[in-house]
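# Architecture at a glance
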Amino acid sequence: MVMFEDILKNINNKELLVHCLTNYVTVNDCANIILACGGSPIMADDILEVEEITSICNALVINMGTLNTQLIESMIKAGKKANALCHPVILDPVGVGASKFRTDTAIKLMNEIKFDVIRGNASEIKTISEGHGTTKGVDANSSDTITHKNLHTTVDFAKKLSEKTGAIIVITGAIDIVADRKKAYIIENGHAMMSKITGTGCMLTSIIAAFCGANPKNKLTATAAAVCAMGRAGELAVEKMQKEDGGLSSLKMYLIDYMSKTKEVLCEEGIKVESR
Amino acid sequence: MVMFEDILKNINNKELLVHCLTNYVTVNDCANIILACGGSPIMADDILEVEEITSICNALVINMGTLNTQLIESMIKAGKKANALCHPVILDPVGVGASKFRTDTAIKLMNEIKFDVIRGNASEIKTISEGHGTTKGVDANSSDTITHKNLHTTVDFAKKLSEKTGAIIVITGAIDIVADRKKAYIIENGHAMMSKITGTGCMLTSIIAAFCGANPKNKLTATAAAVCAMGRAGELAVEKMQKEDGGLSSLKMYLIDYMSKTKEVLCEEGIKVESR
Amino acid sequence: MVMFEDILKNINNKELLVHCLTNYVTVNDCANIILACGGSPIMADDILEVEEITSICNALVINMGTLNTQLIESMIKAGKKANALCHPVILDPVGVGASKFRTDTAIKLMNEIKFDVIRGNASEIKTISEGHGTTKGVDANSSDTITHKNLHTTVDFAKKLSEKTGAIIVITGAIDIVADRKKAYIIENGHAMMSKITGTGCMLTSIIAAFCGANPKNKLTATAAAVCAMGRAGELAVEKMQKEDGGLSSLKMYLIDYMSKTKEVLCEEGIKVESR
């Protein structure tokens, strides 16, 4: 049986455009993984066209990976427009906490735009919550890792942050949490090796946008489905990489390969999800 | 026998530099596919150096995938210089019609620069012809698809547009058309799956530039050769992908792999081309 | 036995952040190869954050591949900060000599920043030394190729340039030279096919930064180790590509794959290095 069957059906049954204001490091992989899971990506960031482009799309990604002043203006303009049109808007606050500029920008974006989903690692989400942070670069601090020991507290934290921000909160790591103010999915798919490829976070954010764009009335489940799909695809990719004696670049290829086989990836036997 | 043998010979027998003013989404794949087919790419877009860079090159690509005001100025400067030096200049009006900014920019570029080749999907080329459009994003509208039924009309349209613009017109889709005002090549290589990888259009534009840069006196045939090569490489890549049970990321890799074996790709048995 | 064992140990035993101000063509491959060899990349180029970001890192890459005026300002600010903190700073003067803008920028950067390592092909390094040049694009002129015949002269030249600039000089080509004012490593690993992939130079510069960031007290050996690793990984990748009947895109994947197996790559049997 395929988990999240209805979510998947909606993705495959309509034209699904995802507008991405994203960083230049992982942009190609984000475009390709959106295509792989059944959407169509548009990367257009000039302030003269962002509103018009976002109007013809179904969802908007705002990814802070490589910021600059002009891009932030475009993000705000696109975000407000997407809000007005009730398109799902997803924030990926890459590296927030690593510089004052990033933290200030995240706060500014959250003040100006209503986000439907915010996805980050534990350190990034902590910074979002506290308004300041100590992120070391783009990876989570080891002290912020989600474990079974602190899971209960972290789920509570995510639910409260969702209540405060109005956004579905996604914290990714060894254990992933997808929470709105009432309900949280806890997902244990994925593999540590995925963090050794650049852009797995950005790619996940992109497919969350695709899944939510296709399921605007069911965003919590759609987001959980995207997180499961990415994690499971990662597991299968690591298996294949090891079998083929490949390395990290093979792993990235297999990861996107498996995302183009979403049904296989989301079959019930492989998915490790529970809700609270 | 290798089709387009003379075209290929010219590519392999000289130093062939291709200057690309292109989008940041697919730029790496464009650089690699130019190298694969025997050229050498240079991506330099600052207005302070575009003229000098284009002067040492053999062809210029102007790709509108991710536009901004500064880049447009650089495009015009480089384009004028390339025109003055009689280098082939290729326009890829990515997403034209999707925003007023893109449509205006395409018109502006066409007013300021003489293009030798314009390549787009059916919706983009329609927009170019009419000066306005309804492109949904970066893919062709299904209503604009080239079929055997509308082929005759479309070939006529392409020839007339070539007459009007002075450029070779390339319309890509399930059937590809390469036309100047007198003659059209109709190419049926390629595979629907290629549209599920970002950048197949951009990559094709890049190799058209390489092929024309090496064959400036034979641009129509060179362009047809590039379109055949890309389509046939795509077919072979899909076959290999299916045999190896891979996905869309493997497909992209195999596509570029095959473009590094141009002779194999352009062998007569595989090429489906006719001219009218 | 693993060559450069101590160098490797330092890479794997600490958190290693590499700040990259680099071009948008090869940035994804640079990020992935830094991760593959055990580091963690951060690409942040806005002037409002470069100082703060470089402060939390262990090394800085300044790559001139796609220059613009704003980026140059960020490079200078980041470079000065990294100098103040004694972080290794690596210059990759991509295409210097191909335009006045690039040559002027390289000179400006060298005046403002103290570089620990400068890596380029023979034409680029010649331009750096003479202050003007005739680089054709981003590849070395064939007249500048390092051969066994001119090796002695070239090593001398590299040592003198190192004395003049205070930087370790890395000249890459069929034979690679890594020299400070007193000592030079001559490395004959690598394969001609590597130059048919975009970004092998940029990737090497990135891993030199990672190796030096982990070994700030032993930068000459660390740089030589990085050059050997890249060359040997390239050889192994070409072998695998040929065995699997792949093409240039496969080659890139295998290259990064092998860089994630640095121990295997740096085993003594495969490394061809001598010092003078």
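Residues numbered from 1 in each chain as written. Chains lettered and ligands numbered in written order. Predicted model: local features only at pLDDT ≥ 70, side-chain atom pairs only at ≥ 80, totals over all residues. Heavy atoms only, no water.

Quick look at the overall build of chain A now. When helices and strands are tallied, chain A shows 11 helices and 9 strands. Expected size for 276 residues packed as a compact globule is a radius of gyration near 19 Å; at 17 Å, chain A falls within 12% of this value. With the C-alpha coordinates aligned to their principal axes, the bounding extent of chain A is approximately 45 × 40 × 35 Å. Split into buried and exposed, the 276 residues of chain A put 65% on the buried side. Counting only contacts in chain A whose residues sit at least 6 apart along the sequence, the fraction spanning at least 24 positions is 72%. Summed over its atoms, the accessible surface of chain A is roughly 9,800 Å², and 50% of this surface lies on carbon and sulfur atoms. (Helix = DSSP H or I, 4+ residues; strand = E, 2+ residues; numbered from the N terminus. Rg over C-alpha atoms; globule rule 2.2 N^0.38 Å. Buried < 20%, exposed > 50% of the residue type's maximum accessible area, 1.4 Å probe, protein only. Contact = heavy atoms within 4.5 Å. Areas by Shrake-Rupley, 256 points an atom, 1.4 Å probe, with all protein chains shown as cover.)

Residues and elements named next belong to chain A. Helix length check: helix H9 (residues 219–243) (25 residues) gives 36 Å between terminal C-alpha atoms against 36 Å at 1.5 Å per residue, within 8%. Along H9, 21 of the 25 residues are buried, which leaves the element largely enclosed by surrounding structure. With its phi angle positive at about 60°, aspartate 245 sits one or two positions after the end of H9. (Expected span 1.5 Å × (residues − 1).)

As enumerated under the stated definition, the model contains 0 aromatic pairs over all chains in all. The ring centre of Tyr258(A) lies 5.6 Å from the NZ or CZ of Lys261(A), which sits over that ring. (Phe/Tyr/Trp six-rings, centres within 6.5 Å; stacked < 30°, edge-to-face > 60°. Lys NZ or Arg CZ within 6 Å of the ring centre and 35° of its normal.)

Below, the discussion takes up the relation of the copies chain C and chain B. Overlay of chain C on chain B (RMSD 0.0 Å): rotation 120°, translation along the axis 0.0 Å. Here the two chains are linked by the operation of a three-fold rotation axis. For chain C, the residue whose C-alpha comes nearest the rotation axis is Tyr24(C), separated from it by 3.7 Å. (Least-squares fit on C-alpha atoms with pLDDT ≥ 70 in both.)

The next thing to look at is the sheet that holds strand S9 (residues 273–275) of chain C. All names here are of chain C. If you trace the 9 strands from one edge of the open sheet to the other, you get S2-S1-S3-S4-S5-S6-S7-S8-S9, paired in mixed fashion. Each edge of the open sheet is held by one strand with a lone partner, namely strand S2 (40–42) and S9. Averaged over all adjacent pairs, the angle separating strand axes in this sheet is 20°, with direction ignored. As judged from the 4 bridges shared by strand S1 (residues 17–21) and strand S3 (residues 59–63), these two strands associate in the parallel manner. The residue of S3 that forms the bridge with histidine 19 is leucine 60. (Pairing = 2+ DSSP bridges. Axes fitted to C-alpha atoms, helices over the stretch in contact; angles between N-to-C directions.)

The second copy of the chain is related to the first by a rotation about an axis and a shift along the axis. For the pair chain B and chain A, the superposition axis carries a translation of 0.0 Å, the fit reaches an RMSD of 0.0 Å, and the rotation angle comes to 120°. The two copies present different faces, since only 6% of the interface residues in chain B are matched by interface residues at the equivalent positions in chain A.

What follows covers empty space enclosed by the protein. Within this structure, the stated rule accounts for 1 cavity of 30 Å³ or more. There is about 490 Å³ of room inside the largest cavity. Lining the largest cavity are 35 residues, and of these Lys252(A), Lys252(B), Asn28(C), Asp29(C) and Lys252(C) lie nearest its centre. Sorting the residues of the lining of the largest cavity by element identifies helix H2 (27–36) and helix H10 (248–259) of chain A, helix H2 (27–36) and helix H10 (248–259) of chain B together with helix H2 (27–36) and helix H10 (248–259) of chain C as the ones contributing at least two each. Ranked by residue count, the leading element in the lining of the largest cavity is H10(A), at 5 residues. Looking at the lining of the largest cavity, its residues break down into 17 nonpolar, 11 polar and 7 charged. (1 Å grid on protein atoms, 1.4 Å probe; cavity = no way out; pocket = protein on both sides within 12 Å on 5 of 7 lines; lining within 4 Å. Points joined across faces, edges and corners; volume = space filled by probe spheres on them. Nonpolar A, V, L, I, M, F, W, Y, C, P; charged D, E, K, R; others polar.)

The subject of this paragraph is the interface of chain B and chain A. Of the residues lining the interface, 32 residues belong to chain B; the matching set on chain A comes to 29 residues. Summed over both partners, the interface of chain B with chain A buries about 2,400 Å², with 51% contributed by carbon and sulfur atoms. Seen at the junction of chain B and chain A, the total is 2 salt bridges. One salt bridge connects Asp245(B) with Lys261(A), and the closest N-O pair in it is separated by 3.5 Å. (Buried area = accessible area lost by both parts, 1.4 Å probe. Salt bridge = Lys/Arg side-chain N within 4 Å of Asp/Glu carboxyl O.)

Once that is clear, we can look at the pairing of strand S1 (residues 17–21) of chain A. Consecutive side chains along a regular strand alternate between the two faces of the sheet. Residues and elements named next belong to chain A. Of all 5 residues in S1, 5 are buried, a share of seventy percent or more. Every second residue of S1 is oriented toward a common face, with Leu17, His19 and Leu21 on one face and Val18 and Cys20 on the other, all of them buried. Two strands pair when backbone bridges link them, and S1 and strand S2 (residues 40–42) are joined in this way by 3 bridges, in the parallel orientation. Note on S2: the bridge partner recorded for leucine 17 is serine 40.

With that out of the way, let us pick up the sheet that holds strand S5 (residues 117–121) of chain A. Residue and element names in this part refer to chain A. With respect to topology, 9 strands assemble into an open sheet ordered S2-S1-S3-S4-S5-S6-S7-S8-S9, the strand pairing being mixed. Across the chains shown, the open sheet's two edge strands, defined by having one partner strand only, are S2 and strand S9 (273–275). Strand-to-strand twist of the sheet, defined as the mean angle between neighbouring strand axes without regard to direction, takes the value 20°. Inspection of the sheet shows strand S8 (residues 184–187) paired to S9 by 3 bridges, in the antiparallel sense.

Turning to the side chain of Thr200(A), a few remarks are in order. Topologically, Thr200(A) is positioned in helix H8 (residues 200–214). Once residues within four sequence positions are removed from consideration, Thr200(A) is found in contact with Met194(A), Met230(A) and Leu255(A).

This next bit is on the interface of chain C and chain B. Each partner contributes residues to the interface: chain C has 32 residues there, and chain B has 29 residues. Between chain C and chain B the total buried area reaches about 2,400 Å² when both faces are included, carbon and sulfur atoms providing 51% of it. In this assembly, chain C and chain B are joined by 2 salt bridges. Run the count over chain C and chain B and you get 14 residue pairs in polar contact (both at pLDDT 80 or more). (Polar contact = N/O pair within 3.5 Å; in protein donor to acceptor, adjacent residues only side chain to side chain.)

A few words on the nonpolar core. Grouped together as the largest cluster of nonpolar side chains are 195 residues, with contacts concentrated most on Phe211(A), Phe211(B) and Phe211(C). In contact with Phe211(C), other than residues within four places in its own chain, are Ile7(C), Leu8(C), Ile11(C), Cys37(C), Ala222(C), Ala225(C), Ala226(C), Ala229(C) and Thr262(C). (Core = buried A, V, L, I, M, F, W, Y, C linked by side-chain atoms within 4.5 Å.)

This part takes up the environment of Ile146(C). Position of Ile146(C) relative to the elements: it lies in the loop between helix H6 (122–130) and helix H7 (151–165). For the pair Ile146(C) and Asn121(C), spaced 25 residues apart in sequence, the C-alpha separation works out to 9.6 Å.

Quick look at the pairing of strand S8 (residues 184–187) of chain C now. Here S8(C) shows two buried faces, one formed by Ala184(C) and Ile186(C) and the other by Tyr185(C) and Ile187(C). Hairpin connection of strand S7 (residues 176–179) of chain C to S8(C): 4 residues between the antiparallel strands.

On to the packing of H6(C) against H7(C), then. All names here are of chain C. In the contact formed by H6 and H7, the axes pass within 11 Å of each other and the chain directions differ by 45°. Viewed along their axes, H6 and H7 adopt a mutual orientation that is oblique. Considering the relative orientation of H6 and H7, their crossing is left-handed. Contacts between H6 and H7 pair Ile125, Lys126, Ile128 and Ser129 from the former with Phe157, Leu161 and Lys164 from the latter. Counted by class, the contact of H6 with H7 contains 4 nonpolar, 1 polar and 2 charged residues. (Parallel < 35°, antiparallel > 145°, perpendicular 65-115°, else oblique. Left-handed = near helix turned anticlockwise from the far one by under 90°.)

Here we take up the confidence of the model for chain A. Overall, the predicted model of chain A reaches an average pLDDT of 95, with 98% of residues at or above 70. With a pTM of 0.97, the predicted complex shows an ipTM of 0.95. (pLDDT = per-residue confidence, 0-100.)

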